[in-house]
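Residues per chain are reported as follows:
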Amino acid sequence: KPSPINQKYSVLKIIEKNYILVCIIISLSVLFCSDFIATYWLKSDGINIIYLSLYVKLIGIGISLQLLSSLYFGGLFGVNKQFEANTIQFLWSLSKSALVVLLLIFVKPSLTLFLFWQIFCNLVYVLVLRSYLIKSIMFEAKGQILSVVMNNLPKDVIQYIGGMTIIAVIAS
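Note that the coordinates shown come from a computational prediction; the quantities given were computed from them, not determined experimentally.

J.: An account of the state of the cysteines is needed here, citing residue identities and associated values.
T.: Applying the stated criterion across every chain, the model contains 0 disulfides. Its sulfur unpaired, cysteine 23 is 17 Å from the next cysteine sulfur, which belongs to cysteine 33. In this structure cysteine 23 comes out as buried when scored by relative accessible area, which is 6%.

J.: Hey, could you go over the nonpolar core for me, with residue numbers and the actual values?
T.: Residues Ile15, Tyr72 and Ile137 are the most contacted members of the largest nonpolar core, which totals 34 residues. Within the residue set of this core, elements represented by two or more residues are α1 (4-41), α2 (49-78), α3 (82-106), α4 (111-141) and α5 (155-171). Per-element accounting of this core gives the leading share, 9 residues, to α4. If we skip the residues at most four places from it in the chain, tyrosine 72 touches Leu12, Glu16, Ile20, Val126, Leu129, Arg130 and Leu133. Within the second largest apolar cluster, 5 residues are counted, among which are Tyr55, Leu58, Leu115 and Ile119.

The rules we used
Residues numbered from 1 in each chain as written. Predicted model: local features only at pLDDT ≥ 70, side-chain atom pairs only at ≥ 80, totals over all residues. Heavy atoms only, no water. Disulfide = S-S within 2.5 Å. Buried < 20%, exposed > 50% of the residue type's maximum accessible area, 1.4 Å probe, protein only. Core = buried A, V, L, I, M, F, W, Y, C linked by side-chain atoms within 4.5 Å. Helix = DSSP H or I, 4+ residues; strand = E, 2+ residues; numbered from the N terminus. Contact = heavy atoms within 4.5 Å.

Quick look at the structure:
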């Protein structure tokens, strides 16, 4: 029977692979449909359609990264690192909202700069969450080699993922 830590690691790797695939599909869909969205779904008298399309693309990338972050955030809760997860989330929220104001004041007040900053913050957030989650699992393994020991997820995990995915989509 596989060790509980390898089961946790396996669940993470299986879900991670699927989440990344979904995020790539969402990003590519938004990227390919951005001109259509900007032309037929959005109306602006002051913003050129080319810029509207760019903004839609950037928002799509930012949403995909934010969706991916929910996996690692939830994973930290799963390994009882709620305080750390919430601290990282607080710093992420602070950087996305407060630091961007400084950028807009001291660099240039630009929607493009704002959206790139959001993507940058989301990317750093995802990488920090993932890194901390993997380190937490490795620490719990106490030197044991981590390996994927399952090919499919247990039913209760699939149900949990469904609920968390719905929450993440709504929150994004």
